Amino acid sequence: MRAVTRSAPFHLLEWHVLRYHNLVEALEASPGDRPFLTFWVNEDDQETVTFGEFRHRARRQARVLREHGVQAGDRVIIIMPPAIAAMAVFAGAMMLGALPAFLAYPNDRVEPSKYRSGLAGVTANLKAKLVVIDEAFPDELLGHVSLGNETGLLRVQDGRGAAGDEELPRLNVATESVAFIQHSAGTTGLQKGVALTHAAVLRQLEHLSRTLQIDGVIDRIYSWLPLYHDMGLIACFMLPMVYHLPVVMQSPLDWVMYPETMLQVITEHRCTLGWLPNFAFQFVPRRTRPSRRTQYDLSSLRALVNCSEPVRSSSMQEFYDAFAPIGLKRGVLQSSYAMAENVFAVTQSDLSQKASPAFVCADGREFRSAHRVVPVEEGCPGSISFASSGRLLPNHQLRIVSDAGTTLDSGHVGEILIKSDCLFDGYYNRPDLTAKAIVDGWYHTGDLGFCLNDELYVVGRKKDLIIVGGENIYPQDVEDIVATNPAIHDGRVVAMGRYNPDLGTEEIVVVAEVECEENLTNAEEIEREVRGRIAAGLGVTAGMIFLKPPKWIVKSTAGKAARSTTLEKLRREHPELDIESQETA
Amino acid sequence: MTAEEKQMIDYVLKRIRKPNLTIDENTSLVLSGLVDSMALGDLLLTLEDLTHKRIPPGAVKPKDLDTVAKMFATAARVGKPQK
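The structure presented is a predicted model; accordingly, all values stated were derived computationally and were not measured. (Residues numbered from 1 in each chain as written. Chains lettered and ligands numbered in written order. Predicted model: local features only at pLDDT ≥ 70, side-chain atom pairs only at ≥ 80, totals over all residues. Heavy atoms only, no water.)

Quick word on the interface of chain B and chain A
Taken together, the contacts link 31 residues of chain B with 28 residues of chain A. A buried area of about 2600 Å², summed over both sides, lies between chain B and chain A, and 52% of it is on carbon and sulfur atoms. Where chain B packs against chain A, one counts five salt bridges. With its nearest N and O atoms 3.6 Å apart, the salt bridge here joins Asp42(B) to Arg287(A). Where chain B packs against chain A, one counts eight residue pairs in polar contact (both at pLDDT 80 or more). Looking at the side of chain B that touches chain A, the element that brings in the most residues is helix H2 (residues 40-51) of chain B, giving seven residues. In terms of residue class, the side of chain B that touches chain A is made up of 16 nonpolar, four polar and 11 charged. (Contact = heavy atoms within 4.5 Å. Buried area = accessible area lost by both parts, 1.4 Å probe. Salt bridge = Lys/Arg side-chain N within 4 Å of Asp/Glu carboxyl O. Polar contact = N/O pair within 3.5 Å; in protein donor to acceptor, adjacent residues only side chain to side chain. Helix = DSSP H or I, 4+ residues; strand = E, 2+ residues; numbered from the N terminus. Nonpolar A, V, L, I, M, F, W, Y, C, P; charged D, E, K, R; others polar.)

A look at the side chain of Thr445(A)
Residue and element names in this part refer to chain A. The residue Thr445 is located in strand E23 (residues 442-452) in this model. The class for Thr445 is buried, based on a relative accessible area of 5%. Reaching out from Thr445, the side chain makes a polar contact with the side chain of Tyr337 at a distance of 3.4 Å. For Thr445, the side chain forms a polar contact with the main-chain nitrogen of Asp447, separated by 3.0 Å. (Buried < 20%, exposed > 50% of the residue type's maximum accessible area, 1.4 Å probe, protein only.)

Notes on the environment of Tyr499(A)
Within the secondary structure, Tyr499(A) sits in strand E27 (residues 488-500). Judged by relative accessible area, which is 35%, Tyr499(A) ranks as partly exposed.

Observations concerning the pattern of salt bridges
Under the counting rule described, the total for this entry stands at 26 salt bridges over all chains. With its nearest N and O atoms 3.2 Å apart, the salt bridge here joins Glu43(A) to Arg54(B). Residue Glu43(A) is found in the loop between strand E2 (35-42) and strand E3 (45-50), and its partner Arg54(B) is found in strand E1 (residues 53-54); the two belong to separate chains. For Arg54(B), a relative accessible area of 17% corresponds to the buried category. In this structure, the salt-bridge partner of Glu53(A) is Arg57(A), at a minimum N-O distance of 2.9 Å. Note that Glu53(A) and Arg57(A) are positioned in helix H2 (residues 51-67) at a spacing of four residues, about one turn of the helix. What you see here is one network of salt bridges that share partners, running through Glu47(A), Glu53(A) and Arg57(A).

Here we look at the nonpolar core
Residue and element names in this part refer to chain A. Ranked by internal contacts, the top residues of the largest apolar core, which has 156 residues, are Leu23, Phe54, Phe180, Phe237, Met238 and Trp275. Contacts of Phe54, omitting those with residues within four sequence positions, involve Leu27, Phe36, Leu37, Val49, Ile84, Met87, Ala88, Ala91 and Phe237. The next biggest cluster of nonpolar side chains, apart from the first, holds 23 residues, and it includes Val468, Ile481, Ala483 and Ile508. (Core = buried A, V, L, I, M, F, W, Y, C linked by side-chain atoms within 4.5 Å.)

Observations concerning the confidence of the model for chain A
All names here are of chain A. Taken over all residues, the pLDDT of chain A has a mean of 86, while the share at 70 or more is 88%. Note that residues 8-15 has pLDDT below 50 and, in this model, 14 contacts with residues that lie over four places away or in other chains. Counting interchain partners and residues more than four positions distant, the pLDDT-below-50 stretch residues 579-585 has 22 contacts. (pLDDT = per-residue confidence, 0-100.)

See below:
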């Protein structure tokens with residue numbers, strides 16, 4: 001039994017930020033005149049607040065919260081656009097010793113009844129004292145906000161005001177007390193709130209800053225990330241707040257409408273660090289005109305970290321090819337494996353190598369049948385490639401285990417288990433879920449991966465895995481193959497497993513949107529072609545293939561295909577299937 | 001309907017890819033879900049091409065692009081000369 005470990009005796013590490021007892025102390029220690037947050041709207045409209053001004057706004061919000069009865073230990077839900085005002089409310093709640101939690105801000109198309117049930121579920125689980133919304137919160141949704149008797153609703157202003165500190169009593173927040181609660185996405189009532197202590201967050205930030213070689217003088221973070229997500233909250237709010245770094249941020253909506261502005265912000269503010277999900281590495285180059293790229297300069301960047309989705313070398317290569325001519329250096333594109341349950345990062349690729357993350361080409365048949373990685377030459381027929389998510393952060397341990405719980409050797413695929421000094425305490429108010437997730441101190445991530453040369457490669461979610469006659473089939477591989485058919489809409493394919501009692505094993509079920517509805521008249525031929533590609537690429541035969549018109553597949557709030565909701569929809573439309581997929585296992 | 005609005009309708013139809021769909025300048029596109037948020041950037045780039053104006057970031061919300069008529073009204077309201 002082997003576990004991959006990266007640890008050092010605690011006394012050997014200089015715990016820079018651990019001189020703080022809590023996150024508020026770190027904010028209080030910041031230099032007042034240093035720029036902290038710049039909210040970028042366009043070149044003529046941007047607002048910068050210094051650490052001193054931010055503290056002032058946070059104190060004002062703390063006073064408002066206190067006037068509404070918020071005390072230490074109370075939960076405060078914040079539903080505001082990701083901007084300075086929301087961050088000030090968050091910090092203000094922490095100043096009172098309350099536990100803030102960001103939830104996603106509703107978009108224009110949210111269905112009121114769904115929003116109501118989602119919000120009611122989260123507030124009930126948190127037993128929130130207050131739900132804080134902004135002045136622009138849609139009136140039509142306000143009537144649908146259903147809160148329990150114990151929960152109040154507060155509209156706040158942006159916190160700007162005359163200078164002068166609002167006096168707050170010094171609060172002794174214990175290091176091991178919960179600092180805030182993270183939710184993964186959206187406002188579905190079934191979300192799990194991840195409770196994180198001040199100590200866990202401070203330790204994570206210490207590890208992260210060392211691994212990223214944070215430089216307090218030159219580093220400046222770029223972000224368009226939502227604050228309810230760990231990338232936005234930890235990497236782009238807590239890290240700079242504690243290490244006193246400037247951040248330049250824009251709204252996620254502005255980014256998705258004007259992806260080119262990411263290049264503009266980085267150029268104007270000489271940003272050095274950023275985090276992006278994998279899809280953004282394709283989205284930005286495909287939506288910026290090559291003729292306009294030359295006015296930008298990405299040479300200030302020293303790390304742009306691919307995080308929160310399985311890392312794809314092809315996506316990073318596309319980004320690099322598009323922007324190398326405007327100064328993007330090869331070693332800038334890096335990778336990480338992160339999750340809210342560990343505050344944020346578990347692994348990080350090695351920035352000192354000045355190279356892209358490690359990459360391995362593996363024999364596809366061996367990978368699927370024996371669940372292990374046998375490296376082959378790049379481009380070898382039937383091979384599949386994986387990009388590394390990097391090495392463990394200090395004081396982290398990792399095990400790859402089989403379904404039977406046996407620890408697997410290097411190169412073998414299994415579930416990723418982690419243990420660290422910044423692991424979460426549990427899901428808030430959900431001891432049942434916590435007990436399932438943390439066993440003997442090991443957090444069961446539900447992700448599948450393998451280790452090779454001390455690098456972690458993440459291959460997908462365990463619950464999504466399709467097992468056909470003992471061969472492990474990763475839905476992403478099926479989806480990628482299906483999407484290569486020009487009649488299929490790229491990114492609008494979902495593959496899943498269905499137990500076929502006649503075969504005694506699972507079979508692959510594919511749901512794919514066609515590019516245009518006219519293609520459906522040619523469905524038989526498309527299906528035949530797709531089957532051929534799957535068989536040729538993976539060596540297995542697909543079971544059922546459903547071709548659907550455009551817009552059929554349900555998407556998540558992040559714009560990706562929502563696997564489980566799409567499966568539910570498929571069940572509703574095809575009850576005769578009686579699908580027993582991995583989703584329900 | 002102007003020639004530019006007609007061109008925008010043609011572009012939207014091409015993007016939506018529904019063969020029997022007909023839309024006019026007042027058809028709801030964004031709020032109705034016909035156009036998804038990931039396509040908003042493409043709509044803005046096309047609008048800039050057709051109006052020869054630059055639509056500054058932050059000046060436009062998705063609902064401002066809900067119909068073809070609203071797109072051109074928005075461009076007239078917030079558009080700036082292209083550099």
